[in-house]
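# Structure at a glance
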Amino acid sequence: MRIEQRIWQADTGWRVAASDGAIAPSLVLFFAAPGTVDDGQRFAELRAQYPAAPIIGCTTGGEIADIDVLDGSIVATAVEFAHTRLAFSESPIDAKGCSIAAGKRLGADLPRAGLRGVFVLSDGTRVNGSDLVAGIQSVLGPNVAITGGLAGDGSRFGTTRVGLDVNPEPGRAVAMGFYGDEIRLGFGSFGGWDTVGPERLVSRAQGNVLYELDDQPALALYRKYLGPEADNLPASALLCPLRIHPVGKPEAARVRTVIGIDDAAGAMIFAGAVPEGHIAQIMLGHFDNLIAGAGRAASRAAVPDARLAILVSCIGRKLLLGQQIADEVEAVKGVLGAACRLAGFYSYGEIAPLENSPLCDLHNQTMTITTIAEA
Amino acid sequence: MHRLLERQLKQARRDSPDGSTDLEMLLRLVDAAYVEFDRQRRVLAHAHEIMHEEYGLINAGLSRLRDAITQMGAGFAIWDSADRLVLCNARLREILPQNAELLRPGVAFADCVAHMAPQLGSVGGNAPPRDWVAERVARHRNPGDSFEIALIDGRHVQIWEARTSEDGIVGVYVDISDVKRAEDELRRAKDAAENANHSKSLFLANMSHELRTPLNAIIGFSEVMAAEMIGPLGDARYREYARDIHDAGKHLLEVISDLLDMSKIEAGKFELASEWLDLGELIDGVAHLVRGRAREAGLSLHTVAPPGLPPVLGERRALRQVLFNLLGNAIKFTPTGGRIEVTAKTTADGGLAVRVTDTGIGIAPQNIAHALTPFGQVDCSLSREHGGVGLGLPLSQRLVELHGGRLEIVSAVGAGTTVSVLLPAERVGQSALRSA
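This write-up is about the structure you can find in this document. (Residues numbered from 1 in each chain as written. Chains lettered and ligands numbered in written order. Predicted model: local features only at pLDDT ≥ 70, side-chain atom pairs only at ≥ 80, totals over all residues.)

## Structural notes on the overall build of chain B
- Across its full length, chain B holds twelve helices and twelve strands.
- A total of 436 residues make up chain B; the buried ones form 19% of that total.
- Here the contacts in chain B between residues at least 6 apart in sequence split such that 55% fall between residues at least 24 apart. (Helix = DSSP H or I, 4+ residues; strand = E, 2+ residues; numbered from the N terminus. Buried ≥ 20, exposed ≤ 12 C-beta atoms within 10 Å, placed from the backbone. Contact = placed C-beta atoms within 7 Å.)

## As for the overall build of chain A
- Counting its secondary structure elements, chain A contains seven helices and 27 strands.
- For chain A, contacts bridging at least 24 residues in sequence account for 79% of all contacts bridging at least 6.

## Quick look at the sheet that holds strand β26 (residues 360–363) of chain A
Residue and element names in this part refer to chain A.
- Reading across from one edge, β8-β12-β9-β10-β25-β26 is the order of the six strands in this open sheet, with mixed pairing throughout. The strands lining the two open edges of the sheet, one partner per strand, are β8 (85–92) and β26. The sheet shows a mean angle of 20° between the axes of neighbouring strands, taken without regard to direction.
- Note: strand β25 (residues 350–353) against β26, four bridges, orientation antiparallel. Bridge pairing in β26 links Ile351 to Leu362.
- Against the sheet, helix α3 (residues 129–140) touches β9 (115–122), β10 (146–150), β12 (172–179), β25 and β26, its axis set at about 165° to β26. (Pairing = 2+ DSSP bridges. Axes fitted to C-alpha atoms, helices over the stretch in contact; angles between N-to-C directions.)

## Points about the nonpolar core
- In terms of nonpolar packing, the biggest core is built from 124 residues, with A:Phe30, A:Val118, A:Val120, A:Ala309, A:Leu311 and A:Val332 touching the most fellow members.
- Here this core gets seven residues from one element, more than from any other, and that element is helix α7 (residues 325–336) of chain A.
- Shared between two domains, this core holds at least three residues of each, these being domain 1 (2–190 + 288–374) and domain 2 (194–284) of chain A.
- Not counting the four nearest positions on each side in its chain, A:Val118 is found in contact with A:Leu110, A:Ile136, A:Leu140, A:Val144, A:Ile146, A:Ala175, A:Met176 and A:Gly177.
- Counting residues in each nonpolar core, the second largest holds 33 residues, with B:Leu299, B:Leu391, B:Leu395 and B:Val428 among its members. (Core = buried A, V, L, I, M, F, W, Y, C linked by C-beta atoms within 7 Å. Domains from an automatic or database assignment.)

## Points about the pairing of strand β23 (residues 308–314) of chain A
Residue and element names in this part refer to chain A.
- The buried count for β23 comes to seven of seven residues, which makes it a mostly enclosed element.
- The side-chain alternation of β23 yields two buried faces, one formed by Leu308, Ile310, Val312 and Cys314 and the other by Ala309, Leu311 and Ser313.
- Sheet topology places β23 next to strand β24 (residues 341–347); seven bridges connect them, and they run parallel. Its bridge partner being in β24, Leu311 is matched across the sheet by Gly344.
- Across six bridges, the pairing between β23 and strand β27 (residues 367–374) is antiparallel. Each bridged residue has a counterpart across the sheet, and for Val312 the counterpart in β27 is Thr368.

## Quick notes on the interface of chain B and chain A
- In this complex, chain B contributes 15 residues to the contact, which on the side of chain A involves 14 residues.
- Looking at the side of chain B that touches chain A, the elements with two or more residues in it are α1 (3–14) and α2 (23–71) of chain B.
- In terms of residue count, the dominant contributor to the side of chain B that touches chain A is α2(B) (twelve residues).

## A word on the pairing of strand β16 (residues 209–213) of chain A
Residue and element names in this part refer to chain A.
- In terms of burial, β16 is a largely internal element, four of the five residues being buried.
- Pairing of strand β15 (residues 200–206) with β16 involves four bridges; the strand directions are antiparallel. Counterpart to Gln206 in the pairing with β16 is Val209.
- Joining the antiparallel neighbours β15 and β16 is a turn of two residues, in which Gly207 adopts a positive phi near 60°.
- Two strands pair when backbone bridges link them, and β16 and strand β21 (residues 267–270) are joined in this way by two bridges, in the antiparallel orientation. What sits directly across from Leu210, in β21, is Met268.
- In this antiparallel pair of consecutive strands, β16 and strand β17 (residues 216–217), the connection spans two residues, and Asp214 shows a positive phi of 50°.

## So, unusual backbone geometry
- In the Ramachandran plot, A:Asp66 falls in the positive-phi region, its phi being about 55° despite a non-glycine side chain.
- Within the secondary structure, A:Asp66 sits in the loop between β5 (63–65) and β6 (68–70).
- Of note, the phi angle at B:Asp83 is positive, near 65°, even though the residue is not glycine.
- In this fold, B:Asp83 is placed in the loop between β1 (75–79) and β2 (85–88).

## Considering α2(B)
- Between its terminal C-alpha atoms α2(B) stretches 70 Å, which fits the 72 Å expected from 49 residues at 1.5 Å a residue.
- Of all 49 residues in α2(B), two are buried; the element is thus mostly exposed. (Expected span 1.5 Å × (residues − 1).)

## Structural notes on the sheet that holds β2(B)
All names here are of chain B.
- Sheet architecture is open: five strands sit in the order β2-β1-β5-β4-β3, paired in antiparallel fashion. Of all the strands in the sheet, the pair left with one neighbour each is β2 and β3 (147–150). Averaged over all pairs of adjacent strands, the angle between strand axes in this sheet comes to 25°, irrespective of strand direction.
- Across three bridges, β1 lies against β2 in antiparallel orientation. Bridge pairing in β2 links Trp79 to Leu85.

## Brief notes about the environment of B:Ala305
All names here are of chain B.
- Along the polypeptide, Ala305 turns up in the loop between β7 (300–304) and β8 (312–314).
- A C-alpha to C-alpha distance of 5.5 Å links Ala305 and Gly280, two positions 25 residues apart in sequence.
- Those residues in contact with Ala305, other than ones at most four positions away along the chain, are Leu279, Gly280, Ile283 and Ala344.

## Focus on the environment of B:Leu92
- With respect to the helices and strands, the residue B:Leu92 is situated in helix α3 (residues 90–95).
- It is 7.1 Å that separates the C-alpha atoms of B:Leu92 and B:Ala74, two residues lying 18 residues apart in sequence.

## What about the environment of B:Val304?
Residues and elements named next belong to chain B.
- With respect to the element layout, Val304 can be found in strand β7.
- Through-space distance from the C-alpha of Val304 to that of Thr343 is 4.6 Å; in sequence the pair is 39 residues apart.
- What Val304 contacts, discounting residues up to four positions off in sequence, is Glu341 and Thr343.

## Here's the deal with the packing of helix α7 (residues 236–266) of chain B against helix α12 (residues 392–402) of chain B
Residue and element names in this part refer to chain B.
- Two elements in contact, α7 and α12, have axes separated by 10 Å at closest approach and are oriented at 45°. It follows from the interaxial angle that α7 and α12 lie oblique. Judged by the twist between their axes, the crossing of α7 over α12 is left-handed. Where α7 approaches α12, its residues Asp258, Asp261, Met262 and Ile265 are matched on the opposing element by Leu395, Arg398 and Leu402.
- Partitioning the contact of α7 with α12 into residue classes produces four nonpolar, no polar and three charged. (Parallel < 35°, antiparallel > 145°, perpendicular 65-115°, else oblique. Left-handed = near helix turned anticlockwise from the far one by under 90°. Nonpolar A, V, L, I, M, F, W, Y, C, P; charged D, E, K, R; others polar.)

Honestly, that's just the spatial picture; any functional story needs more than this.
Following this line, the structure appears as structure tokens:
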């Protein structure tokens, strides 16, 4: 397994950041800042560099190149497997209602024999991530781990792009299957956010729209929590995710991220469902705990001799940690070791198996890591 | 050196073409970090403020709960998943004074139960089972319906337990001794009342037999004597006395019948044998019976029943008795020269009204309710003057009510009384009864 990592930045153009020497890549994975791939020029350069390799990638809320967190760049990682084979599938995602169908199509178009794991990239604003994952898993069954993430658009929540062998476009989802007996995949996902304040009842909600907590408008509560940051809604709501769980079942908790607000209705719109009758608690990020959380995700994901780790971390973590965001990537590097190259992006949602469960789901506000090694 | 500054220095060198430190770039990065730290300090300060507020809310909620638990009239306890006491209120210690010392946070439920076992009395006459402690602990871990325990000091405690979401147990313990006592008293009172009622029914049934038998002899033989069936009595006064004996006997029989009917109604044992009746015919029949008495009292008696009056579903004997009583009262309480009128007609709501109107002494409004009470003849002097035991009106009212109707009295002292029997629409047929 050999790796070459190239970084494009506006002032320097493409440069090689890491290389195992001459490479015949089985895969090129790239993560591009919003705006850098609108005209197709950078993709054409990438294709020219790697004419024979499948190329998949998406837009981001920030790019990860080993221990550096970049903005406005493209991080492309070429991987040459010795034994492992890959297969790809793709689907349009044009309305929130079709996410399950899109997931089923992605799953159905991957050969089942020898499938060891699936990595998914999807449009980040036109998808119900939970449904997409459920759709894939309904076809592939619970024994195939699914990881990946939702493409980003900085902190704007506008247009996100995904591409397989073409310049990334809005409204696409792609899946990549890993095959062969020699591949070792590891997964880890962890948040590290702290719940604060009292538990509240989700007293009025519909789908992913939350109207009231304890019979009080949810938006007013968020404004109170955000204080001086309330003017930057909805982006600043990423600083305060919501932890929800059914009454009496805290072990089944999920973290939900705010992706929009409805001022007229006093409502908050979340990346996933917020069921009425659930218990909800607002979360705040403590820097040290978030950074330690990234380390815990790495510990869970660690496999022996991992050469590449794909990091999908939440945009909310980056907004909160600011210049210290590289600390969480360094924490991951510290666990996985120098031999493991890191590549990744800041996302609108992370996909990984649930802890202690074969089921996969969409996560929010986590550091989610997929490690790859070949025996 | 702070790792952030190290990172900034690294970036300032990397971005400069010759590898030297780009001071301007470094300052921009450091400045941005300061700005960010300011922002974060604001966010943190605000978060601190919010937490202060939220803790206030949580504490207010907690003290409300604590207050409610302290003030509630029942004993209250929470046991954790290891079945150790988390908290209980003072009321629980009052209810279980033998356990008061033991009931401290951390005490095992099983220890409390073992300590309680000697205090147990019988429940419903059954002594507590030998393995009560084990049973009680098992029931505590798998709570179901509420149950009661009895203590040897005579008190009863009702226990309700349920599982908490943390796999602990919440329990509510209510001293129901007062309720139990009241229940017992109520049961005793009910038994006594039922016994008394039974005795009364038995007594009346016997009385009915014991009174009617000699009365029938008196009535029968006085009639034989008055008619001089076997031979002349001699003096004419004997004949008159024999008639008086006969009349008095019949009156007594009526009073006894009324009494029996009244007690049957009150015992809920009076069942109507209803049939379709021609009310006009019934009125004429009763009027015919009392016409002689009215004439003797110097009263005029008129009946007004329009032809084509719809049939009524009722008991012939009961309605006859009602009419007989009402007419009897009218005759009794109307001075000589007065007028009595009986009318029958359909009402607006589809029912039927029979009205007995007299020009008698009348009843004062405040006395009408009294007149409807059994044995409540308005004025004792009246009964002395006019006779009767005051059963006529109340019995009539009950009989009408048994038909789903009601009795209405409109009266003015010195001007007269109208008593209306109002029968409901469901007792009134569609068309005139075929002439029988």
